[in-house]
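Listed here are the chains, written in short residue letters.
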Amino acid sequence: EAMEGGAFGGSFGFMYEPDRYAQKEEIYAFAREIAKYDGIVTIHPRACSIVSADYPLFTKKSHLELGLDEAVEIMKETGCRLEYSHLIFTGQRSWKLLDKMLTTFYRERFNGYPIAFDNYAFHYGASVITVVFPEWYAQLSKEEAAKPANRRKLELTILMYRKVLGIDWDDMVVAYISDDHPEYEGKTIPQCAEEEGLSYLDMYLKLVDLSNRAGGIYLGKYYNADIVRRLMNDELSVFMTDAWVEEKGLQNIAAFQTFPQFFLLAKRDNIPISKVVRKMTGLTADRFRIPERGYLRPGYKADITVIDLDSMKVDESKPDFRPEGIVHVYINGKAVLEDREYRGGTAGEVVLKK
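Cut-offs used in this document
- All residue numbers refer to position in the chain's written sequence, counted from 1.
- The model is predicted, so local features are restricted to residues of pLDDT at least 70 and side-chain atom pairs to those at 80 or more, both for listing and for counting; the totals for chains, interfaces and linings are taken over all residues.
- No hydrogens and no water enter the side-chain calculation; it runs on all heavy atoms of the structure.
- Only DSSP runs of H or I reaching four residues or more are called helices, and only runs of E reaching two or more are called strands; each is numbered from the N terminus.
- Atoms considered for the radius of gyration are the C-alpha atoms alone. The globule rule reads 2.2 Å times the number of residues to the power 0.38.
- To sort residues, take the accessible area from a 1.4 Å probe on protein chains only and compare it with the maximum for the residue type: under 20% means buried, over 50% means exposed, and anything in between is partly exposed.
- A contact between two residues is defined here by any heavy atoms of the two lying within 4.5 Å.
- Areas reported here follow the Shrake-Rupley algorithm with a probe of radius 1.4 Å; residue values treat only the protein chains shown as occluding.
- Here the positive residues are Lys and Arg and the negative ones are Asp and Glu; neither His nor the chain ends is included.
- Charge coordinates come from a single atom per side chain, which is NZ of Lys, CZ of Arg, CG of Asp or CD of Glu.
- Each pair of strands is called paired provided DSSP finds at least two bridges between the two strands.
- The axes used here are C-alpha line fits, helices contributing only the stretch in contact, and every angle between their N-to-C directions lies in the interval 0 to 180 degrees.
- Whether two aromatic rings pair depends on their centres lying within 6.5 Å, for rings of Phe, Tyr and Trp, where Trp uses its six-membered ring; planes under 30 degrees apart make the pair stacked, over 60 edge-to-face, and the rest tilted.
- Counted as over-ring charges are cases with an Arg CZ or a Lys NZ within 6 Å of the ring centre that also lie within 35 degrees of the ring normal.
- Points on a 1 Å grid over protein atoms alone make up a cavity when a 1.4 Å probe fits among them but cannot get out, and a pocket when they form an open set with protein on both sides within 12 Å along at least five of seven lines; lining residues each have an atom within 4 Å of a point.
- Grid points are joined across faces, edges and corners, and a volume is the space filled by probe spheres set on the points.
- Throughout this entry, Asp, Glu, Lys and Arg are counted as charged residues, while Ala, Val, Leu, Ile, Met, Phe, Trp, Tyr, Cys and Pro are counted as nonpolar. The remaining residues, Gly among them, count as polar.

Caption draft 1: How the structure looks around the overall build of the protein. Looking only at helices and strands, the protein features 12 helices and 12 strands. At 21 Å, the protein has a C-alpha radius of gyration in line with the 20 Å of a compact globule built from 354 residues. Viewed in the frame of its principal axes, the protein has a C-alpha envelope of about 65 × 45 × 40 Å. Counting only residues that meet the buried cut, the protein has 48% of its 354 residues in that class. In the protein, the share of contacts with a sequence separation of at least 24, taken over all contacts with a separation of at least 6, comes to 68%. Working note: accessible area of the protein is about 17600 Å², and carbon and sulfur atoms make up 53% of it. If you average the places of the 46 positive and of the 54 negative side-chain charges in the protein, the two averages end up 5 Å apart.

Caption draft 2: A look at the sheet that holds strand E5 (residues 125–128). Spatially, E5-E7-E6 is the arrangement adopted by the 3 strands of the open sheet, whose pairing is antiparallel. Two strands bound the open sheet, and with one partner strand each, they are E5 and strand E6 (172–176). Taking each pair of neighbouring strands and ignoring which way they run, the sheet shows an average axis angle of 35°. Across 4 bridges, E6 lies against strand E7 (residues 216–219) in antiparallel orientation. Of the residues in E7, the one forming a bridge with valine 174 is isoleucine 217.

Caption draft 3: Examining the side chain of threonine 42 more closely. Its location among the elements puts threonine 42 in strand E2 (residues 40–44). A relative accessible area of 17% means that threonine 42 is categorised as buried. Apart from the residues lying within four places of it in its own chain, the contact partners of threonine 42 are Gly10, Ser11, Phe12, Glu83, Ser85 and Phe288.

Caption draft 4: Geometry of the packing of aromatic side chains. Counting across every chain of the model gives 14 aromatic pairs. By the ring-pair criterion, three or more aromatic residues cluster together here, those being Phe133, Trp136, Tyr137, Trp169 and Tyr204. Sitting over the face of the ring of tryptophan 136, lysine 153 holds its NZ or CZ atom 4.2 Å from the ring centroid. Its end group placed over the ring of tyrosine 295, arginine 297 keeps NZ or CZ at 4.0 Å from the ring centre.

Caption draft 5: The arrangement of the layout of surface pockets in detail. Of the pockets and cavities examined, the largest pocket occupies roughly 1600 Å³. As for the largest pocket, its lining consists of 35 residues, and the residues nearest its centre are Phe259, Met280, Thr281, Thr305 and Val329. Of all elements in the fold, only helix H10 (253–269), helix H11 (273–280), helix H12 (282–288), strand E9 (304–307), strand E10 (326–331) and strand E11 (334–338) reach the threshold of two or more residues within the lining of the largest pocket. No other element matches H10, which puts 5 residues into the lining of the largest pocket. Counted as a void, the second largest pocket has a volume near 790 Å³. Lining the second largest pocket are 45 residues, and of these Tyr16, Ala126, Ser127, Val128 and Val131 lie nearest its centre. Here the residues of the lining of the second largest pocket sort into 28 nonpolar, 10 polar and 7 charged.

If you want it as structure tokens, here you go:
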């Protein structure tokens, strides 16, 4: 019904609830339905790191590669077009897998399969506070989770993840816990723990409970500068923010500053600005088959941003900093920003597949 109503496709988030529990038959049935309408399926893989909570500890391939393999299998078995969202490498020990991952993408493209990926500009990303919970622990009731044996097993599991991933407690920054606990926002797990005299694990579990397992965090070491540069240059990548503006709590820098950051990185690394613009506009419209957008053409919607690259500026110390250097913005032909001043009003439209 949604596809017939103009949807472009569907998505899975295998790292998150409830999709992490979806059965293979359900996943394939969904993707086949999307494929009937020549839609695109976007997949957030089950793992974005060398090891994860959702695969057995000892496997022939890294968990990052297994996550891509699962997405490829869905594409091949169902005939859907595939957007892998997102090509990230969580934890320093995962960074060495860049070449292996790109090799898989290009092998499948060479074999004629419609697969590509997206990436972003900063080195950390937003996630749910329970992202480090293994599946067995995530399914436990509060009473079962509090039992000493399960708690000890969780502690050992998280310790293993930290050592193998090359990521630690101080890479986790609290974004939001609840309206009653703004005091934690913007602090790392160790900072919170030291203030309250708790172990890092006890502090983390306290935050999980206070947020009713719904808190938000920012997790570091998704990328390094070399990986971002290579993905920016790669022909299969398009740009995205992987972010949204939060109603409360510490904002995600990516929601405010990602695309200006891409421009500044391109300028620094001598990447053609035309390539950057294309990945933000026409290439994205082509991939998702969004009609009448993404290009400056007669008959197309006038979605236009005018920038002054010489005055463009971001501020990584202030996540909700409004980037400088954006001069004019037109949405559907209506001026929303003129001469760097917000004009107010609404100009958006519901975009449907034709």
